[in-house]
Structures are given as structure tokens and as C-alpha cells.
Amino acid sequence: MVEIKNLTKFYGSHAAVQDISFTVGDHEVLGFLGPNGAGKSTTMNMITGCLPSTSGTVLVDGHDITKEPLEVKKLIGYLPELPPVYPEMRVYDYLMFVAGLKLVPRDKRKKQVETAMERLKITDVQKRVIGNLSKGYRQRVGFAQALLGSPKFLILDEPTVGLDPRQVVEVRNLIKELAKDHTIIFSTHILAEVQAVCERVVIINKGQIRAADTIANLENSVSGKIQLCMKIEGDMTKVTGIINQVEGVNEIEEVEFDSMGVNKFIVNVASDDIRKPLISALIANDCVVLEITTRKSSLEEVFVSLTTPGNSRTE
Amino acid sequence: MFSMYKREVQSYFTSPFAFVVSALFLLVFSLSFVTSISSMTSSVLKFSFSNIFYNNFFYFIFMIPLLTMRTFADERKSHTETLWLSSPVTVPQVVFAKYLAVATVFLIMMLLSLFFPLIAVWHGSVIVSSLICGYLGFFLWGLVCIAFGILMSSLTDSPILAAVLGEVSMLTLIFVDDFSKTALIKSMPFVSKVMFWFSTEDRFIKFSQGLFTLSDFVFFLSFSLVVLCWTIIVIEKRRWSRA
């Protein structure tokens, strides 16, 4: 379990990260979302011990990073934004070096390096000099490095940046696979990625947490509304009256003319469940429902609304 | 720590870097060797290498920064610092690993230069005590310079700037001796004494005369250690203020 407690980082008088707290459970994949410059990398650097915090701390499996940094570092595999690879080294030599640095016992190094190379599909480039590899391959070498030492926790800072679409899918699948026996925190500003991989997200903006919840809850609750969009044939005032009488309807937000005798109603409702009574009521009054769809705010809307200046919502 | 050391030493030899610097060192050594041999006065029947080392001092000021300039500056430039900062190693371990790696390369260069004394021994006679102590003194002096070079490399992310700063610091180190003997400084006995204490050159002269004193030995090692600790502080400090 990773517990982040009141983490704060000041650069001079500028607060890069302010009073961040959240917890990541075992075998969880947590998406760390935020626009560029929100403080994602700073937070990740603090979790991995690269950067000391101004105040607050991180507990990894009960080990405090400020008191037992080496214990914490043994538990964490980190892929920074720019893969920390030495351009003059060969892939295999580099990974063997990192395995040594991560205190992997000598007799297990070869095996671990080979497994990591297979997972990232870089076995065929193992003899090549890293400086000559493409950005995608370099990113994968960096990823392989994070897996060495069998860390329980993986911190991945924008792991898919610079990869081609096929590789992006591969990396996402890899993250899903790794989630079986690792706890993963990964940052990104690509929302599709989060939806594909994570259960829970933390959204951060300007160094502060804006939201921390499951994706489903966030989508439902950006402004606490679920909307039904209905096309109904019938007299507008009559339909309005019927809709308003159904229990669970909050308000009719908008009525648009669609075609002759047909209007589009956008109705704010408390929950999805009222669709059935609503339709029954309309049919009982001879109104024809042509179409009904539920409109939830997408993660994208949640993200935009939470990271736009002026809006704020904390869990 | 050993992995770090191994990687550093390998990085010198996988690139032509160490070879070129060693070749340069041997070139300087051989040139001074030839000139010393040819200008030997007949009254001296035994050959001493102290002059060669002495001449090498100034060339060495330009060679050691070449070896040390990349140690930390390059790591900052290529963002590989995060690798060891997030690994279960401490900053002092990394600094010492890098220091030992450069010292190893330096030692290899010194061993290569043994070629010249061997030839001299074979074809003539040398003052052995002066030779051994000369080598030892030169190596110790090199260790101090390496420590300074690494310190300068930790201050910047440009290897070239690190090399220039290293040269400046080593020149200062060499000229401390002369400064302490100027009339102005001599008028302040205490300052002169302190400055003279830091003079590596004076201590080296003792070594080259075949005199091995423990105090000088301790001085060189502790001086290197202090500079290395300074490097550790610089790196730790930057971790705190890094943006």
C-alpha cells in the first residue's frame, strides 16, 4: 500500500505540489491525471525518493521515505518521464547494470533481465547501443529497467509518450498484465489511456488534488447530474406536464424543436431508473417516444471542468 | 555500488575516451623523458624521474578534467540521475563509486607510463626511492585533482564548463604555493602559513626526493575526502532545489 500524506513541495516561494494526500491499495492501477505542469512528475519524483518533499511524507508498505529511503526504493520501480538510459551502453549491459544497482542477487540477474526483455519485446535489440535505438525502443528499455528487482510498486510517468499507436496498445496491455502482481501508479494526460487501464483516478491541477475517485463515479458526478435526452411526438405543453409529474425528474432543462410534431427534451433526472415510469406515463397519455438516450458526462468533461480555473471539487 | 563503479570504468573504455587521454599522457611523458635524458648533466650518474613528474603537473591540469568532466554533468544532461536517485543506493556511494572509477583509469595511465622507468632501469641506473615515491606522490596528487574535477562536474550540466572549472581549480591549487610566498601574503604570517599548508606542490617535492612522510600521505587522502564530501553536499543540495 502506498500512502501519500500531506505531500508539499515548494520551489522557492512557488508551490509545485500542495498538501496532496491519497492512498493506493495493493494490486490497484491508479491513474494520475493532470494537465502539463500540474505537478504530476514532481509528485512521482517525491514518491520514488528522487526529490525530497518540503513537508509531508510517503509511506510505502509502512516504510517512511524520509526515514527509510533505501527500504522504500527497494520496493519501487520507477520509469521517469525521460527514460534514464545511458546512450553509450548496450541494452543488455545496461539492464545488467541496473539489476546490480537494484541489488538483485548476482545469480538471478541474468534471468530477471531476460524476463524483462521478453516482456517488453526488446530481446532482439539487446546487443544494440541504446543511443542508436528509436525513441519507442528507448522508452521500452526504460520500462524494462523499472521491472528489474521485482518491485512491488511501479511508478510510471507518462509511459506511452513517444510510442506509435501499436506500441501504445502493447504497453497498455502490459500494464494490465503487470497489474496482476504489481501495484501501479501511472501518470498521463491522455484520457483514453486512463479509461483503458485504470479503475481509479486522481486528478491534479496546479499542485492540488481536484478529485480522487473511480472513473464511473467521476463521470456520474461532475456536476451531479444525469440527463435523459428524449425525442417525443406530441403536444409540447402536454408532454412537459406529463414529464414534470413523474417522480424523480428534477427539471426539464431544454426543449428543442426536432421536426413536425416532434420535440427533443433534455431532462435532468436523479437516476437512470426512472426511464421506465417516464415512458409508461408518456405512452399512457398517447405520446410516442421515438428515442431515449442517457447522457453522462464523460471523463473528458470531468477533466476539463476540474482543471479549468475557477472550478474546484475535492473528495 | 560496485555496479556503478563497473559501469563507470566500462564507459571510459567502451568509448575511445580513456585511450585518447592515456595516449596524450604518454606522449607528454615520453617527450619530457626524452628531453630529460638528452639534457642530463654528466655529473649526475643516476636518473631521477621527479623532473618529469614536475613537468607533467601542468599538462595534467588539462588531462584530469577531461576524465572527470562527464561524471555528473553528463548524468544531469541525459537525465540518468533519476536512475540512481530512485535506486537503493545512497548519494555518497555513487560519488565514491565514480571517484574510484576515475582513480582506476588514472592508475591504469600511471601503470602504462611505467614503460619509461623500466627502460631507464634496463639501460642505466635510476634512483629507485625517488622513483617509487615520485609515482606515489604523483598518484596522490592526482587523487586530489580528481576529487576537484568531480566536484566541478557536479556543479554544472555542461561537461565543457566542468572541464574549464576543473582546470581553474587545479591551477589555483598549484599556485597556492607561489601565492603563499609573495611579499604581501608573507607579511601576514598566519595567512601564509595556512596557504602553505594547502600547497600540494611543496608536499610533492618531498615525495619526489624519495621522502615518504605519513603526514603528507594523510593530507592528500583527507583533502580528497573533504572535496568529495563537498560534492555530496552539492548533489544533495541540488536535489532539494531542483525544479
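Residues numbered from 1 in each chain as written. Chains lettered and ligands numbered in written order. Predicted model: local features only at pLDDT ≥ 70, side-chain atom pairs only at ≥ 80, totals over all residues.

1. Re the overall build of chain A
Counting secondary structure elements, chain A contains 11 helices and 14 strands. Taking 2.2 N^0.38 as the reference for a compact globule, 315 residues should give roughly 20 Å; the C-alpha atoms of chain A span a radius of gyration of 25 Å, well beyond that estimate. The buried share among the 315 residues of chain A stands at 40%. Counting only contacts in chain A whose residues sit at least 6 apart along the sequence, the fraction spanning at least 24 positions is 69%. (Helix = DSSP H or I, 4+ residues; strand = E, 2+ residues; numbered from the N terminus. Rg over C-alpha atoms; globule rule 2.2 N^0.38 Å. Buried ≥ 20, exposed ≤ 12 C-beta atoms within 10 Å, placed from the backbone. Contact = placed C-beta atoms within 7 Å.)

2. Brief notes about the overall build of chain B
Counting secondary structure elements, chain B contains 13 helices and 0 strands. Helices and strands appear in chain B in the N-to-C order α-α-α-α-α-α-α-α-α-α-α-α-α. The C-alpha radius of gyration of chain B comes to 19 Å, within 12% of the 18 Å expected for a compact globule of 243 residues. If one aligns the C-alpha atoms of chain B with their principal axes, the spans along those axes are about 65 × 50 × 30 Å. Per-residue burial for chain B yields a buried fraction of 38% across its 243 residues. Nonlocal contacts in chain B, meaning residues at least 24 apart in sequence, comprise 80% of its contacts between residues at least 6 apart.

3. Remarks on helix 12 (residues 200–208) of chain B
Residues and elements named next belong to chain B. Three or more residues of helix 12 are buried, namely Thr-200, Arg-203, Phe-204, Phe-207 and Ser-208. Take helix 12 and look down its axis: the buried residues cluster within an arc of 140°, on one side only. Of the residues trailing helix 12, Gly-210 is marked for its positive phi of about 90°. (Arc of directions from axis to C-beta.)

4. Things to note about the sheet that holds strand 13 (residues 262–269) of chain A
Residue and element names in this part refer to chain A. Reading across the sheet, the 4 strands line up as 12-13-11-14 and stay open at both edges, with antiparallel pairing between neighbours. The open sheet has two edge strands, strand 12 (249–259) and strand 14 (288–295), and neither has a second partner. On average, adjacent strands in this sheet sit at an angle of 20° to one another, irrespective of strand direction. Along the sheet, helix 9 (residues 236–245) contacts strand 11 (226–233), strand 12 and strand 13; its crossing angle with strand 12, the most-contacted strand, is approximately 155°. (Pairing = 2+ DSSP bridges. Axes fitted to C-alpha atoms, helices over the stretch in contact; angles between N-to-C directions.)

5. Observations regarding unusual backbone geometry
We note that Lys206(A) has phi near 50°; this positive angle belongs to a residue other than glycine. Among the residues examined, Lys206(A) registers 17 C-beta atoms within 10 Å and is labelled partly exposed. Even without being glycine, His79(B) reaches a positive phi, approximately 60°. Within the secondary structure, His79(B) sits in the loop between helix 4 (70–77) and helix 5 (81–85).

6. Remarks on the nonpolar core
With 126 residues, the main nonpolar core has Tyr94(A), Leu95(A), Ala144(A), Ile155(A), Ile146(B) and Ala147(B) as its most contacted residues. Take this core: its biggest share by element is 14 residues, from helix 8 (residues 128–155) of chain B. Ignoring any residue separated from it by four or fewer positions in sequence, one finds Tyr94(A) in contact with Val85(A), Tyr86(A), Met89(A), Ile130(A) and Val141(A). Formed by 10 residues, the second largest nonpolar core is a distinct cluster that contains Met230(A), Ile232(A), Ile243(A) and Leu282(A). (Core = buried A, V, L, I, M, F, W, Y, C linked by C-beta atoms within 7 Å.)

7. Some words on the interface of chain A and chain B
Listed by partner, the interface residues are 24 residues for chain A and 22 residues for chain B. Of all the secondary-structure elements, those providing two or more residues to the side of chain A that touches chain B are helix 2 (69–75), strand 6 (76–79) and helix 3 (91–101) of chain A. Among the elements that take part in the side of chain A that touches chain B, helix 3 of chain A stands out by supplying 4 residues, more than any other. Looking at the side of chain A that touches chain B residue by residue, the classes come out as 17 nonpolar, 3 polar and 4 charged. (Nonpolar A, V, L, I, M, F, W, Y, C, P; charged D, E, K, R; others polar.)

8. Regarding helix 13 (residues 214–241) of chain B
All names here are of chain B. The terminal C-alpha atoms of helix 13 lie 41 Å apart, and with 28 residues this matches the ideal 40 Å at 1.5 Å per residue to within 8%. Of the residues making up helix 13, those classed as buried are Asp-216, Phe-220, Phe-223, Ser-224, Val-227, Leu-228, Thr-231 and Ile-235. Looking at the packing, one finds that the buried side of helix 13 touches helix 6 (91–113), helix 8 and helix 12. (Expected span 1.5 Å × (residues − 1).)

9. Looking at the packing of helix 2 (residues 17–38) of chain B against helix 6 of chain B
All names here are of chain B. For the pair helix 2 and helix 6, interaxial distance at closest approach is 10 Å and the crossing angle is 40°. Taken together, the axes of helix 2 and helix 6 are oblique relative to one another. Remark: the crossing between helix 2 and helix 6 carries right-handed chirality. Packed against helix 2, whose contacting residues are Ala-18, Ser-22, Phe-25, Leu-26 and Phe-29, the element helix 6 presents Val-105, Met-109, Leu-112 and Ser-113 at the interface. The class makeup of the residues in the contact of helix 2 with helix 6 is 7 nonpolar, 2 polar and no charged. (Parallel < 35°, antiparallel > 145°, perpendicular 65-115°, else oblique. Left-handed = near helix turned anticlockwise from the far one by under 90°.)

10. Considering the environment of Ile20(A)
Residues and elements named next belong to chain A. Residue position: Ile-20 is located in strand 2 (residues 14–24). Considered as a pair, Ile-20 and Asp-64 are 44 residues apart in the sequence and their alpha carbons are 16 Å apart. Sequence-distant contacts of Ile-20, that is, excluding residues within four places in its chain, are made with Ile-4, Leu-7, Thr-43 and Ile-209.

11. Side note on the domain arrangement of chain A
Looking at the assigned domains, one finds that chain A contains domain 1 (2–220) and domain 2 (224–293). For domain 1 of chain A and domain 2 of chain A, the distance between their C-alpha centroids amounts to 47 Å. (Domains from an automatic or database assignment.)

12. Here we look at the sheet that holds strand 3 (residues 29–33) of chain A
Residues and elements named next belong to chain A. Reading across from one edge, 6-7-8-3-9-10 is the order of the 6 strands in this open sheet, with mixed pairing throughout. Strands at the two margins of the open sheet, each flanked by one partner only, are strand 6 and strand 10 (208–214). On average, adjacent strands in this sheet sit at an angle of 15° to one another, irrespective of strand direction. Of the pairings in the sheet, the one linking strand 7 (residues 153–157) to strand 8 (residues 183–188) comprises 5 bridges and is parallel in character. Among the inter-strand pairings, Ile-155 is bridged to a residue of strand 8, identified as Ile-185. Relative to the sheet, helix 1 (residues 40–47) contacts strand 3, strand 7, strand 8 and strand 9 (200–205), its axis offset from that of strand 7 by approximately 150°.

13. Considering the pairing of strand 2 of chain A
Residues and elements named next belong to chain A. The pairing of strand 1 (residues 2–11) with strand 2 spans 7 bridges and is classified as antiparallel. Opposite Phe-10, over in strand 2, you have Ala-15 as the bridge partner. Between the antiparallel neighbours strand 1 and strand 2 lie 2 residues, among them Gly-12 with a positive phi of about 65°.

14. Some points on the packing of helix 4 of chain B against helix 8 of chain B
Angle between the axes and distance between the axes are the two parameters that describe a pair of packed helices. Residue and element names in this part refer to chain B. At a minimum axis separation of 6 Å, helix 4 and helix 8 run at an interaxial angle of 20°. One way to sum up the angle between helix 4 and helix 8 is to call them roughly parallel. The hand of the helix 4/helix 8 crossing is right-handed. Note on element contacts: helix 8 touches helix 4 through Ile-150, Ser-153 and Ser-154, opposite Arg-70, Thr-71, Phe-72 and Ala-73. Looking at the contact of helix 4 with helix 8, its residues break down into 3 nonpolar, 3 polar and 1 charged.

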